[in-house]
Structures are given as C-alpha cells and as structure tokens.
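# Summary of the model geometry
These are the residues of each chain, in order.
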Amino acid sequence: MKRLILILGDQLSPDIAALKSAEPGDIIVMAEVADEASYVPHHPKKIAFIFAAMRKFAAHLQDAGWQVAYTRLDDPDNSGSIPGELLRRADQFGTDQVIATEPGEWRLIQALNDVPLKLTLLPDDRFLASHHDFEIWAEGRKQLRMEYFYRDMRRKTGLLMEGDKPAGGQWNFDHDNRKPAPKDIIGSGPMQFAPDDTVQEVLALVGARFGDNFGDLHPFWFATDTTEARRALTHFIQTALPRFGDYQDAMLAENRFLYHAVISMYLNAGLLHWREICDAAETAWRDGHAPLNAVEGFIRQIIGWREYMRGIYFLEGPEYTTRNVLNHTRTLPALFWGGETRMRCLSKAVEQTRTEAYAHHIQRLMVTGNFALLAGVDPHEVHEWYLAVYADAYEWVEAPNVIGMSQFADGGIVGSKPYVSSGNYIDRMSDYCKGCAYDVKAKTGEKACPFNLLYWDFLIRHRERFVGIPRMAQMYRTWDRMDETRCDTVLQDAAGFLIRLDAGQVV
Ligand code: FAD
Ligand code: DLZ
Ligand code: SF4
C-alpha cells in the first residue's frame, strides 16, 4: 500500500529519515500551513526563507522522480494545519499510512500522534547524538555540563583529534577567544543571494499575508537551497573563519555579522549537515588557512552546544518552556518589538533583529537576554519572542538557549550560574556605549546605565539563591562592602527605572 511521507519545513535534507524509508509509489507530502506560520508571529524573513526552501526542495524531489503532493499557503483547499493536510492527502490517495521524521517541537510531535492515521515516527538522525545517546550520557550525572559532553562528541567524530588526544593538547581554546571588537573589520559579511523567481513569488505571498509581523521582509538575501547554502559556507570558511575565535564575543553597532558564520538557519532547516560544516572547518585548519583557536571554537558550537541543547530539550520534556524558577512575571517591554528606547545597545540589537532576523550569540545572550533577565521579564514571553524573531529558531534549539542559558528559568540545568552583567561588559565588548543617552560609567542617577542599576537589583532580589554559588559570591562581597546609602540609591534608582519601564515610558 502506498504511504504518505511527511517532510516538514525544517526537514529539507535529501537524507531525512522519512525520505530514506520511502519507496516508489509513496507520496511525499509537504504543506505551507497557517498553523505553522502563525503559532508565534514569525519574522517575515523566516517564513519566506522556509516557504522558498520548501518549494525548491519539492521541485528537486519531483525532478528526482518522486510524486510530491505540495500545498501552497494560498491553495483554496488548504486545511491550515499539518494534521489537516495529512488527513486530506490520506483521503485523496486512499491510504491511512504515514511516515514522518520526528519534529523538533513537542507541540507538533503531540499533534502528529493525535492524527487518526497509522503513523510511523522515525528518529531524526541528522544529529550526532540520538535521544538515547544523550540520556545515557546524562544518566547519574549531578550536573550536565556541556564541556564534558563536547569532549565525548570530539572522540565520537574524530574531529580535531590526534589519536585519542585533542589537537593542540587542549580541548578548549576559549581563553584566546574573548577579544573586544577591533575598529577595522575585514570581510564582507555573509554571502547574499538575489531573489530568483521562486523567491520573488514567495516574497509577494509573505508580504501580503505576514507583512504586519515584526520584521523587515526586504531586502531578502538568504540562501534558499543547498547549493546556495554551500556557497555561503565556503564564503564563511574563506573570509571569516580565521578570525571567528578572536572576535566571537565582540559586538559592533554598524557591523552585524563580524566573523560569524550566519549559517544556523540553513543548518537547522536541513540545507546543510553538521558533518560537512565541521569537515570544512577542520580542513581549513589542517591546510593552515585558519588557526586552531578559531576552528576549535567554531566546531564546539556545532558538535558541542548545538547537540547539547537538543539533548536537554528532549530530555526535559514538553513542560520545559513553562519553567520559571525565579518567578519572573514582568511583561515583555515594547522595546523588544521596536518600541523607542534610549539604550543604544538594545536599540541596535533589536533593530538588526528586525532587519536581518539575525543577531549573533552575544547580542542574544548579553544584550537582549541579559536585559530581560535583569528586568525580571516572564521567561515564557521571552521564549516566544526569540522563537518568533530569529530565522534559525525552532523550539528544540531556542528553548534551552532561552529558558536555560539566557533566563536561568530552569534553575541551572544548562548554566551553573545566570549570564548577567552590568554595562561594563557591554562597553568592553562593543562600541554601543559611545553615543548612548546613558553613561556606562555612572552607577546611580539619571544618566546611570540601566544595566548597572538592574544588575544589583537582580542580585539582591535573588540573593538567597545565588550567594552560595562560588563564582557569584565575590559580587555579594562587593555589595556588602559598599556604603549603605549608596546601596539604597542604587536600588531606588533601579525601582524607578522599572516603574518607568512598566508605565510604557521611553527608557
Ligand atoms: P556562529 O556564531 O557562527 O556559530 C556557528 C554555529 O554554531 C551556528 O550556526 C549554530 O548552528 C551553532 N551554535 C552556536 N551557538 C549555539 C548554541 N548556543 N546553541 C545551538 N547552536 C549553536 N541558535 C539557533 O540555531 N536557534 C535559535 O533559536 C537560537 N536561539 C538562541 C537564543 C539565545 C538567547 C541565545 C543566547 C542563543 C541562541 N542560539 C540559537 C544560539 C546562537 O546564538 C545561534 O546559533 C547563532 O547566533 C547563529 O548564528 P551563526 O550561524 O552566525 O553562528
Ligand atoms: C517554521 C515553519 C513555518 C513558518 N511554516 C511551516 C509550514 O508552513 N510548513 C511546515 O511543514 N513547516 C513550517 N515551519 C517549520 C515547522 O514549524 C517545524 O517543522 C516545527 O516547528 C518543528 O521543528
Ligand atoms: Fe547599553 Fe548601558 Fe552601554 Fe547604553 S550605556 S549602550 S544602556 S550598556
């Protein structure tokens, strides 16, 4: 009996499990549906990227001889959901058998399991660690530290290994990697692609249907198929990888990409595979084109952090995104949606998110994430914002980064301590503070950088929880040595700032 082979918008890999198990006569089902396009208000560039890549992937499958039942968003009989499209296609083709690859969000896994058809859900083997591998690794450990998981992944892949030893004698070269941004950035940023006919058609559709969502649709420059994504990868390896390590944590107002790869949207949608990316990076090192600190740092992000985050998401289960151990309840401030702010770092990070559907790791972690955490914003709202605004965002990778790493809402599963900082860190790593309405050196008063105020306010609010963490104890000692009147002023100024924020004033 013929079967339906479901391919989702982030499963655009020729070797995706469902496709590998397909046989001649099976029907490939792909569908642009309102439910997926609107469960959060996705950035229009993200929707356009996924739809365009889906259409090209479907065409590629058809060329290879597959029968593809493709639903466009504006098809009149589009049921609006993945389960609805499966039922419709099952009826049309007279089958009740469906083969799918496990989706990257619990929400959709549950929806597929509820469809009254005979579903076979295959593991997504595009990842290095299966759920089982991660469970085995996690079992019996008091703390799930990424660094140890990463070493296992190095051994498993053989990447940057010399026998059973790490290349260069060290697993991790991060101490070489935290340089502030240089004034002169060499390099042209990520490779950009002019929209072809398929992309143009999608842009018209997305503009009409999702033009009111936060985010600029134009100019659209993403790669939308594997050939283009591979060109973007090669461009990164040649032009940026050698400096990736040194400036990985740096931020510049007028240079949005620095030496980052800007490939996460391609990798997560299936246009690239982790192995080809890491092999290309390792070859660059072995050929003497890129230094070890850059290549090790880059490979760690992919076989370390990325795989680890996915492991945590599936280990922790569907209610992970509702965790809120710090009991933060503030509504996400309007400035996250482009509302006016005098804080230049936030204004620049949100502006580039609006135009590019991209911000690099430190902008996400130490500017927007840091501010939301210090201000005590409800982590679920923060999570939904990140899920909506970045082109690479799917819950399996976004939620552990936001709920865990950035907001500490999971109580320390991902990070042993919260990622918080005063303005000083942002000043050291960026050029944002020059030209800001606030003074990063001022600790109290009208001009005081809000990060300076909120930093102490956060630490004092959560003193009981954090004072016992060795790497935080020093901060509490500093506070305890500060003059009492000064401490009161800091907390009063912080409270005043939060009142103005809640009242919707421009802060
Ligand atoms: P580079 O800096 O060039 O890194 C190379 C690759 O490493 C990335 O493409 C990505 O695949 C991987 N990587 C790096 N860091 C991480 C990480 N922490 N977790 C998983 N993969 C990583 N990444 C997503 O793919 N989707 C998300 O929704 C997402 N949300 C995030 C939210 C927050 C609050 C934070 C702090 C980080 C988030 N990240 C997310 C991780 C990281 O910021 C992005 O992967 C990275 O910025 C993508 O840009 P790039 O391709 O230029 O990455
Ligand atoms: C993100 C997304 C969007 C915007 N639209 C679609 C769609 O119309 N059809 C589809 O199959 N997939 C889409 N996706 C990706 C899914 O939301 C994704 O597969 C799940 O969130 C699981 O990761
Ligand atoms: Fe951001 Fe403070 Fe610097 Fe202004 S002074 S850019 S608010 S860190």
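Just above, that's the structure.
All of the points below concern the structure found in this document. (Residues numbered from 1 in each chain as written. Chains lettered and ligands numbered in written order. Predicted model: local features only at pLDDT ≥ 70, side-chain atom pairs only at ≥ 80, totals over all residues. Heavy atoms only, no water.)

Bringing the overall build of the protein into the picture now. From N to C terminus, the protein includes 22 helices and seven strands. On C-alpha atoms alone, the protein measures out to a radius of gyration of 23 Å, which is about the 23 Å that the 2.2 N^0.38 rule sets for 507 residues. A total of 507 residues make up the protein; the buried ones form 59% of that total. Of the contacts formed within the protein by residues at least 6 apart in sequence, a portion of 74% connects residues at least 24 apart. For the protein, the computed accessible surface area is about 20500 Å², with 50% contributed by carbon and sulfur atoms. Distance from the positive charge centre (55 side chains) to the negative charge centre (69 side chains) of the protein: 6 Å. (Helix = DSSP H or I, 4+ residues; strand = E, 2+ residues; numbered from the N terminus. Rg over C-alpha atoms; globule rule 2.2 N^0.38 Å. Buried < 20%, exposed > 50% of the residue type's maximum accessible area, 1.4 Å probe, protein only. Contact = heavy atoms within 4.5 Å. Areas by Shrake-Rupley, 256 points an atom, 1.4 Å probe, with all protein chains shown as cover. Lys, Arg positive; Asp, Glu negative; His and termini not counted. Charge placed at Lys NZ, Arg CZ, Asp CG, Glu CD.)

Now for the packing of helix 14 (residues 344-356) against helix 15 (residues 361-375). Contact geometry for helix 14 and helix 15: axes closest at 10 Å, N-to-C directions at 115°. Here helix 14 runs over helix 15; the crossing is left-handed. Touching Cys-345, Leu-346, Ala-349, Val-350 and Gln-352 of helix 14 are Gln-363, Val-367, Thr-368 and Phe-371, all from helix 15. Among the residues making up the contact of helix 14 with helix 15, the classes are represented as six nonpolar, three polar and no charged. (Axes fitted to C-alpha atoms, helices over the stretch in contact; angles between N-to-C directions. Left-handed = near helix turned anticlockwise from the far one by under 90°. Nonpolar A, V, L, I, M, F, W, Y, C, P; charged D, E, K, R; others polar.)

Okay, unusual backbone geometry next. Here His-218 and Pro-219 are connected by a cis peptide whose omega angle stands at -5°. The backbone of Val-262 sits at a positive phi, close to 55°, despite the residue not being glycine. As for its position among the elements, Val-262 is in the loop between helix 10 (241-244) and helix 11 (264-269). At Phe-408, a residue that is not glycine, the phi angle is positive and equals roughly 55°. Summarising the element assignment, Phe-408 is placed in the loop between helix 17 (395-406) and helix 18 (423-429).

Over its twelve residues, helix 4 (residues 82-93) runs 16 Å from end to end, which matches the ideal 16 Å to within 8%, given 1.5 Å per residue. Residues of helix 4 that are buried: Ile-82, Pro-83, Gly-84, Glu-85, Leu-86, Arg-89, Ala-90 and Phe-93. Considering only its buried residues, helix 4 is in contact with strand 1 (4-6), strand 2 (27-31), helix 2 (34-38), strand 3 (67-71), strand 4 (97-101) and helix 5 (106-113). The opening residue of helix 4 is Ser-81, an N-cap whose side-chain oxygen sits 2.9 Å from the backbone nitrogen of Gly-84. Phi turns positive, to about 65°, at Gly-94, one or two residues after helix 4. (Expected span 1.5 Å × (residues − 1). Polar contact = N/O pair within 3.5 Å; in protein donor to acceptor, adjacent residues only side chain to side chain.)

Here the focus is the pattern of salt bridges. All chains considered together, the criterion is met by 34 salt bridges. In this structure, the salt-bridge partner of Arg-230 is Glu-276, at a minimum N-O distance of 2.7 Å. Placement of Arg-230 in helix 9 (residues 226-239) and of Glu-276 in helix 12 (residues 274-286) is noted, with a sequence separation of 46 residues between them. For Arg-230, a relative accessible area of 44% translates into the label partly exposed. Taking the relative accessible area as the measure of exposure, Glu-276 reaches 24% and is therefore partly exposed. Between Asp-392 and Arg-364 there is a salt bridge; the shortest N-O distance is 2.9 Å. Here Asp-392 is found in the loop between helix 16 (379-389) and helix 17, whereas its partner Arg-364 is found in helix 15, with 28 residues between them in sequence. (Salt bridge = Lys/Arg side-chain N within 4 Å of Asp/Glu carboxyl O.)

Attention shifts here to the pairing of strand 4. With respect to burial, strand 4 is a largely interior element, four of its five residues being buried. As paired strands, strand 1 and strand 4 are joined by three bridges and run parallel to one another. For Ile-5, the partnering residue across the bridge sits in strand 4 and is Ile-99. Traced from strand 4 through helix 5 to strand 5 (residues 118-122), the parallel crossover comes out right-handed. (Pairing = 2+ DSSP bridges. Right-handed = clockwise from strand over helix to strand, strands pointing away.)

So, on to the sheet that holds strand 3. Read across the open sheet, the five strands follow the order 3-2-1-4-5; overall the sheet is parallel. Unpaired on one side and paired on the other, strand 3 and strand 5 mark the two borders of the sheet. Going from strand to strand, the sheet's axes swing by 25° on average, the running direction of each strand aside. Against the sheet, helix 4 engages strand 1, strand 2, strand 3 and strand 4, with an angle of about 135° to strand 3.

Bringing the site of ligand 3 into the picture now. Near ligand 3, the surroundings consist of Met-343, Arg-344, Cys-345, Gly-423, Ile-426, Tyr-432, Cys-433, Cys-436, Tyr-438, Val-440, Cys-449 and Phe-451. Looking at the shell around ligand 3, the elements with two or more residues in it are helix 14 and helix 18. Here the shell around ligand 3 is built from residues that sort into ten nonpolar, one polar and one charged. (Near = heavy atom within 4 Å.)

With that settled, the discussion passes to the packing of helix 19 (residues 450-461) against helix 22 (residues 484-502). Between helix 19 and helix 22, whose axes approach to 9 Å, the crossing angle comes to 105°. Classed by the angle they form, the pair helix 19 and helix 22 counts as roughly perpendicular. Where helix 19 abuts helix 22, its residues Pro-450, Leu-453, Leu-454, Trp-456, Asp-457 and Ile-460 lie against Val-490, Leu-491, Asp-493, Ala-494, Phe-497 and Leu-498. Residues of the contact of helix 19 with helix 22, tallied by class, amount to ten nonpolar, no polar and two charged. (Parallel < 35°, antiparallel > 145°, perpendicular 65-115°, else oblique.)

This part takes up the environment of Leu-121. Tracing the backbone through its elements, the reader meets Leu-121 in strand 5. Taking the C-alpha atoms as reference, Leu-121 lies 5.7 Å from Glu-102; in sequence the two are 19 residues apart. Not counting residues within four places of it along the chain, the set of residues in contact with Leu-121 comprises Ala-100, Thr-101, Glu-102, Pro-103, Ile-109, Leu-112 and Asn-113.

Right, let's talk about the site of ligand 1 for a bit. Not every one of the 28 residues close to ligand 1 is listed here, only the nearest: His-260, Ala-261, Val-262, Asn-268 and Tyr-358. Interatomic distance of 3.2 Å between a backbone N/O atom of Ser-264 and an oxygen atom of ligand 1. Protein chains bury 99% of the 820 Å² of accessible surface belonging to ligand 1 in isolation. Here the element with the most residues in the shell around ligand 1 is helix 13 (residues 292-316); it accounts for six residues. When its residues are assigned to classes, the shell around ligand 1 shows 16 nonpolar, eight polar and four charged.

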